[in-house]
Amino acid sequence: MLEARPFALAEENPVEILFVDSRQLVRAGIERVLSDSGYLTVCGEAASCDEAIRQVRSSRPQVILIHLPGSRVDVLDGARKLHRQFPEVRVLVFTDASELVIQERLLQAGVAGCISSACTIEELFTAIETVLNGERYLSDSLARKLAERRLPGAETSPFDRLTHRELQILILVAEGCSTERIARELCLTRKTVNGYRKRLLEKFQVSTEVALMRLALCHGLVHIPQFG
Amino acid sequence: MESTDIQILLVDHQELVRVGLQRLLDEEPGLSVVGEASSGEEAVRLARSLKPGVVLMDVQIAGIGGLEATRRMLRHDPEIRVLVVTPQTDEPFPARLLEAGAAGYLTRNCGIEEITDAVQAVTSGERYISADIARRMALSMLPGKEQSPFDRLSQRELQVMLMVAQGQSVHEISEHLCLSSKTVSTYRYRLFDKLGVDNDVELARLAIRHGVVELAQLA
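Residues numbered from 1 in each chain as written. Chains lettered and ligands numbered in written order. Predicted model: local features only at pLDDT ≥ 70, side-chain atom pairs only at ≥ 80, totals over all residues.

> Would you mind going over the overall build of chain A with me for this structure?
Helix and strand counts for chain A come out as 10 helices and 6 strands. Relative to the compact-globule value of 17 Å for 228 residues, chain A shows a C-alpha radius of gyration of 19 Å, a close match. Expressed as lengths along the three principal axes of its C-alpha atoms, the size of chain A is roughly 60 × 40 × 40 Å. Split into buried and exposed, the 228 residues of chain A put 41% on the buried side. Look at the contacts in chain A between residues 6 or more apart in sequence, and 65% of them connect residues 24 or more apart. (Helix = DSSP H or I, 4+ residues; strand = E, 2+ residues; numbered from the N terminus. Rg over C-alpha atoms; globule rule 2.2 N^0.38 Å. Buried ≥ 20, exposed ≤ 12 C-beta atoms within 10 Å, placed from the backbone. Contact = placed C-beta atoms within 7 Å.)

> Sorry if this is basic, but what is going on with the domain arrangement of chain A here?
Buried accessible area, meaning the area lost when the parts come together, often serves as the stated size of an interface. Residues and elements named next belong to chain A. Along its sequence, chain A is carved into domain 1 (15-150) and domain 2 (164-218). One C-alpha centre belongs to domain 1, the other to domain 2; they are set 27 Å apart. At the interface, 4 residues of domain 1 touch 5 residues of domain 2. (Domains from an automatic or database assignment.)

> What is the right way to look at the packing of helix 7 (residues 164-174) of chain A against helix 9 (residues 190-204) of chain A in this model?
Axis angle and axis distance: for two packed helices, these are the angle between their axes and the distance between the axes, and together they describe the pair. Residues and elements named next belong to chain A. Relative to each other, helix 7 and helix 9 sit at 85°, their axes nearing to 10 Å. The angle between helix 7 and helix 9 falls in the class roughly perpendicular. Together, E166, I169, L170 and V173 of helix 7 and V193, Y196, R197 and L200 of helix 9 make up the contact between the two elements. Across the contact of helix 7 with helix 9, the residue classes break down as 6 nonpolar, no polar and 2 charged. (Axes fitted to C-alpha atoms, helices over the stretch in contact; angles between N-to-C directions. Parallel < 35°, antiparallel > 145°, perpendicular 65-115°, else oblique. Nonpolar A, V, L, I, M, F, W, Y, C, P; charged D, E, K, R; others polar.)

> Would you mind showing me how to read the pairing of strand 5 (residues 104-107) of chain B here?
A regular strand carries its side chains on alternate faces of the sheet. Residues and elements named next belong to chain B. Here strand 5 shows a buried face lined by G104 and L106 and a second buried face lined by Y105 and T107. The pairing of strand 4 (residues 81-86) with strand 5 spans 4 bridges and is classified as parallel. The residue of strand 5 that forms the bridge with L83 is G104. Crossover connection from strand 4 via helix 4 (residues 93-99) to parallel strand 5: handedness right-handed. Here strand 5 pairs with strand 6 (residues 128-129) via 2 bridges, running parallel. Following the sheet pairing, Y105 is matched in strand 6 by I129. Assessed by its sense of winding, the connection that carries the chain from strand 5 through helix 5 (residues 112-123) to strand 6 is left-handed. (Pairing = 2+ DSSP bridges. Right-handed = clockwise from strand over helix to strand, strands pointing away.)

> Quick question: what am I supposed to make of the domain arrangement of chain B here?
When cut into domains, chain B gives domain 1 (6-140) and domain 2 (149-217). Distance between the C-alpha centres of domain 1 of chain B and domain 2 of chain B: 34 Å.

> What am I meant to see in helix 5 of chain B here?
In an α-helix, one turn spans 3.6 residues; hence positions three or four apart end up facing the same way. All names here are of chain B. When the terminal C-alpha atoms of helix 5 are compared, their 16 Å separation across 12 residues agrees well with the 16 Å that a helix rising 1.5 Å per residue should span. Looking at helix 5, one finds that the buried residues are I115, A118, V119 and V122. For helix 5, the angular spread of buried residues about the axis comes to 100°, placing them on one side. Remark: G125 follows helix 5 within two positions and exhibits a positive phi of approximately 95°. (Expected span 1.5 Å × (residues − 1). Arc of directions from axis to C-beta.)

> I'm lost on the environment of A207(B) in this one. Help?
Residues and elements named next belong to chain B. Note that A207 resides in helix 10 (residues 200-209). What makes A207 buried here is the crowd of 24 C-beta atoms within 10 Å. Along the sequence, A207 and L195 sit 12 residues apart, while their C-alpha atoms lie 9.7 Å from each other. When near neighbours in sequence (up to four residues on either side) are disregarded, A207 contacts M161, A165, V212 and V213.

> Looking at this structure, I do not really get the sheet that holds strand 3 (residues 63-66) of chain A. What am I missing?
Two modes of strand pairing occur in sheets, parallel and antiparallel, and in both the strands are linked by backbone hydrogen bonds. Residue and element names in this part refer to chain A. With parallel pairing, 6 strands are arranged side by side in an open sheet as 2-1-3-4-5-6. Edge positions in the open sheet fall to strand 2 (40-46) and strand 6 (137-138), since each of these has one partner strand only. In this structure, strand 1 (residues 15-20) lies alongside strand 3, joined through 4 bridges in parallel fashion. Bridge pairing links V20 to I66 in strand 3. On top of the sheet, helix 1 (residues 24-36) reaches strand 1 and strand 2; it is set at about 160° to strand 2, its chief contact.

> Help me understand the sheet that holds strand 6 of chain B in this model?
Residue and element names in this part refer to chain B. Taken together, the 6 strands give an open sheet; going across it, the order is 2-1-3-4-5-6, and neighbouring strands pair in parallel fashion. Lying at the two open borders of the sheet, with one neighbouring strand each, are strand 2 (31-37) and strand 6. Contacting strand 1 (6-11) and strand 2, helix 1 (residues 15-26) crosses the sheet at an angle of about 165° to strand 2. The strands touched by helix 2 (residues 40-50) are strand 1, strand 2 and strand 3 (54-57); relative to strand 2, the strand with the most contacts, the crossing angle is about 135°.

> When you look at the interface of chain B and chain A in this model, what are you seeing that I'm missing?
Taken together, the contact between chain B and chain A spans 40 residues of the former and 36 residues of the latter. If you list the elements that add at least two residues to the side of chain B that touches chain A, you get helix 1, helix 3 (65-76), helix 5, helix 7 (155-165) and helix 10 of chain B. Looking at the side of chain B that touches chain A element by element, the count peaks at 8 residues for helix 1 of chain B. For the side of chain B that touches chain A, the residue count by class is 19 nonpolar, 13 polar and 8 charged.

> Would you explain the nonpolar core in this entry?
Soluble globular proteins tend to bury their nonpolar side chains together. Counting 126 residues, the largest nonpolar core has I66(A), A174(A) and L83(B) as its most contacted members. Filtering out sequence-adjacent residues up to four positions away, I66(A) remains in contact with V20(A), C49(A), V75(A), G78(A), A79(A), V91(A), V93(A) and F94(A). (Core = buried A, V, L, I, M, F, W, Y, C linked by C-beta atoms within 7 Å.)

> Hey, could you run me through unusual backbone geometry in this one?
Note: most residues except glycine have negative phi, and most peptide bonds are trans. Despite not being glycine, Q205(A) has its phi angle at roughly 50°, a positive value. Tracing the chain through its elements places Q205(A) in the loop between helix 9 and helix 10 (209-218). Positive phi outside glycine occurs at K51(B), with the angle close to 45°.

This is the structure in structure tokens:
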């Protein structure tokens, strides 16, 4: 893509943002900060990625910011769907430093960038400029960890070998979902889900799903809040 | 900032969330954000130096965490009003924070109006617990229910629970405890029943959340 001048944020030409966050208070606060900056206009807001998909056509954002707590399945699937349906819109996802596997999957799925949820507003501006210049953005802390995984001799993640479907089911199992619930959420038969569950135990060479859950927890695929 | 404003200290680990919340609160008449902190230690230090009327506290923060920070603030100044605003709605979080002396507990799904109401309420000495959390707490504190669901487990049940939560199979547990697989399964189902969970993974997650199984034991 040839451009005369790299894109830079400017008040005369604010960037249209669609902001996705399920928590009303957090969404309202961050949207206020974004639009008060003058560089950005919040042209749409959504509580989920599915809601965002319905919004994109009418609000026509340049960038979609996904800031979702809760199940990583929602983030992975939502970001994938948004990118596939609207490849011209740049998708930026907030992730935690512990979520290496999720970040790799998101980047493979074509999202424009992952930004640390601990970022400052200035870093968010930089990220938005970067992705609008057609580049990928990764927060420093995330980039460093991902780069380490690329070095020769680095441990490969046992999750690398999983298909998207296997990863979805692994996360749902680790969240404690029943076969019925997983089948319903992913539109699969119970038999298929049970087949996946059995195969996951074999792939990871563990005898119980609790052991699977603990692996998923250590790799940032699920989170369990605990007193610090 | 008016001198009669309620002074607020904002504690949250995410800077963007803090900045956003500050912007919204400062627009509310009668409220002023006087400081913000991202860790438990910083929050305790700022509470001492700034002497805010109300602390808006997240639970999952760096360092000593929200619970310990709340305890220390109240030990130093029993009059300080700590209002917990957090995504953590599941027990044991609300019960432990309120026991530690927090004046209120709100989820992040609330709007700015509810925060404002809650700040006013706790400042005038009342407690404020958002409706969804109050409902859960009311149900969990019915007579016959203990503080922690793990309190009412027998020694043997506790043993089986820990082994399940460590990822051991029924077969392994039965060998360790010299019990039949059938007996171990009977214990598991009794545990599910007593703890209100449906499967081993939920059981393990509950144990981790309550700190019965340490995360350090996980790796």
